[in-house]
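An overview of the molecular structure
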Amino acid sequence: MRVTVNSCESSSCKHIIHNSASCLLRLLLLAELFVHSWSRPTSSPYLCKHFASMITKVEELTKLSKKLHELSDNVLATFAGVENRLDGLPNIKQNAEYFNSLQVNVSLSELYGYTQSFKLHVDWLKTVKENHTLSTQSSSNASTYLLQLSNQLNASLQQISAEVPQSPTPSSLPVVSTAFDELQFSVEISTRLQVFCSWTKRVLKFLQKLSRCHRH
Ligand SMILES: *[C@@H]1O[C@H](CO)[C@@H](O)[C@H](O)[C@H]1NC(C)=O
Ligand SMILES: *[C@@H]1O[C@H](CO)[C@@H](O)[C@H](O)[C@H]1NC(C)=O
Ligand SMILES: *[C@@H]1O[C@H](CO)[C@@H](O)[C@H](O)[C@H]1NC(C)=O
Ligand SMILES: *[C@@H]1O[C@H](CO)[C@@H](O)[C@H](O)[C@H]1NC(C)=O
């Protein structure tokens, strides 16, 4: 194109270039349209339904996770900086980079693994609370949501024919002998569950976008 422009001076010639340029532009637009409609996955109503329902569950779970202990914000602040002791819980590193290379199957499978791990720990916390004759309602309810979430992640993985990862083997969880220990573990699980929830919600919203769930 540039070669022609340099060697062209007459107005009729400019007219031809103008025409061919707009023609080329139209071709490019067409090609882009074609590539888009061809390579983009079509939205799956089944997956989209699951994504929306999982987001609702995660929102409920966020509320519940704050109730795993009954501390006021002031008292809770004194726990800030206390070292994490539950090595089996996933360390979720939130970063924007993640979304650049995100694959639906990899993400769903990762979320499934995280959910299983949190369920394991929340069930354990429930036993700890039982042993200390404390109310187990919040951990019980959180466990139910985690189970539902895990079932939906499983169903979504089946839908895209991805492999469902093995459930984590229960790592040795500590024996909790004092009420203070119980409190500390409740705070740790509560805090880390909240991180998990906010991360999961972000990922699910991104998957909705990626799967074009809002286009109808
Ligand atoms: C995800 O899918 C890609 C291809 O679509 C495949 O190469 C990759 O192995 C899959 N990963 C998992 C964890 O299933
Ligand atoms: C747990 O679930 C039951 C039944 O859905 C509900 O009545 C109760 O208020 C919930 N408890 C908490 C702490 O969320
Ligand atoms: C996942 O779903 C499949 C099919 O619905 C079921 O057969 C399987 O038991 C489920 N796996 C788990 C771990 O729940
Ligand atoms: C609960 O108490 C029983 C009996 O004292 C004990 O064997 C078990 O390890 C305790 N569970 C937890 C999670 O601390």
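Fair warning: this is a prediction, and the values are worked out from it, not measured in the lab.

Digging into the packing of helix α3 (residues 45-65) against helix α7 (residues 179-210)
At their nearest, the axes of α3 and α7 sit 9 Å apart, and the two run at 160° to each other. The angle between the axes of α3 and α7 places the two elements in the roughly antiparallel class. At the point where α3 passes α7, the crossing takes the left-handed sense. Together, Phe 51, Ala 52, Met 54, Ile 55, Val 58, Glu 59, Leu 61, Thr 62 and Ser 65 of α3 and Ser 190, Leu 193, Gln 194, Phe 196, Cys 197, Thr 200, Lys 201, Leu 204, Lys 205, Leu 207 and Gln 208 of α7 make up the contact between the two elements. Across the contact of α3 with α7, the residue classes break down as eleven nonpolar, six polar and three charged.

Considering the pattern of salt bridges
Enumeration over the complete set of coordinates arrives at six salt bridges. A salt bridge links Glu 59 to Lys 201; the shortest N-O distance between them is 2.9 Å. Of the two residues, Glu 59 sits in helix α3 while Lys 201 sits in helix α7, which places them 142 residues apart along the sequence.

Some details on the packing of aromatic side chains
A full pass over the atoms with the stated rule returns seven aromatic pairs. Between Phe 99 and Trp 199, the ring centres sit 5.6 Å apart and the planes meet at 50°, which makes this aromatic pair tilted. Of the two residues, Phe 99 sits in the loop between α4 (73-77) and α5 (104-131) while Trp 199 sits in helix α7, which places them 100 residues apart along the sequence. Each member of the pair, Phe 99 together with Trp 199, is buried. Counting every residue linked through ring pairs, the aromatic cluster contains Tyr 98, Phe 99, Trp 199 and Phe 206.

Observations regarding the packing of α3 against helix α6 (residues 137-159)
Two quantities define a packed helix pair, namely the angle between the helix axes and the distance between the axes. Running from amino to carboxyl end, α3 crosses α6 at an angle of 160°, the nearest separation of the two axes being 10 Å. Taken as axis vectors, α3 and α6 run roughly antiparallel relative to one another. Seen along the crossing, α3 lies across α6 with a hand that is left-handed. Where α3 abuts α6, its residues Tyr 46, Leu 47, His 50, Ser 53, Met 54, Lys 57, Val 58, Glu 60, Leu 61 and Leu 64 lie against Ser 138, Asn 141, Ala 142, Tyr 145, Leu 146, Gln 148, Leu 149, Gln 152, Leu 153, Ala 155, Ser 156 and Gln 159. The residue makeup of the contact of α3 with α6, split by class, is twelve nonpolar, eight polar and two charged.

What counts, and where the lines are drawn
Residues numbered from 1 in each chain as written. Chains lettered and ligands numbered in written order. Predicted model: local features only at pLDDT ≥ 70, side-chain atom pairs only at ≥ 80, totals over all residues. Heavy atoms only, no water. Axes fitted to C-alpha atoms, helices over the stretch in contact; angles between N-to-C directions. Helix = DSSP H or I, 4+ residues; strand = E, 2+ residues; numbered from the N terminus. Parallel < 35°, antiparallel > 145°, perpendicular 65-115°, else oblique. Left-handed = near helix turned anticlockwise from the far one by under 90°. Contact = heavy atoms within 4.5 Å. Nonpolar A, V, L, I, M, F, W, Y, C, P; charged D, E, K, R; others polar. Salt bridge = Lys/Arg side-chain N within 4 Å of Asp/Glu carboxyl O. Phe/Tyr/Trp six-rings, centres within 6.5 Å; stacked < 30°, edge-to-face > 60°. Buried < 20%, exposed > 50% of the residue type's maximum accessible area, 1.4 Å probe, protein only.

Any link to function would need more than the numbers given here.
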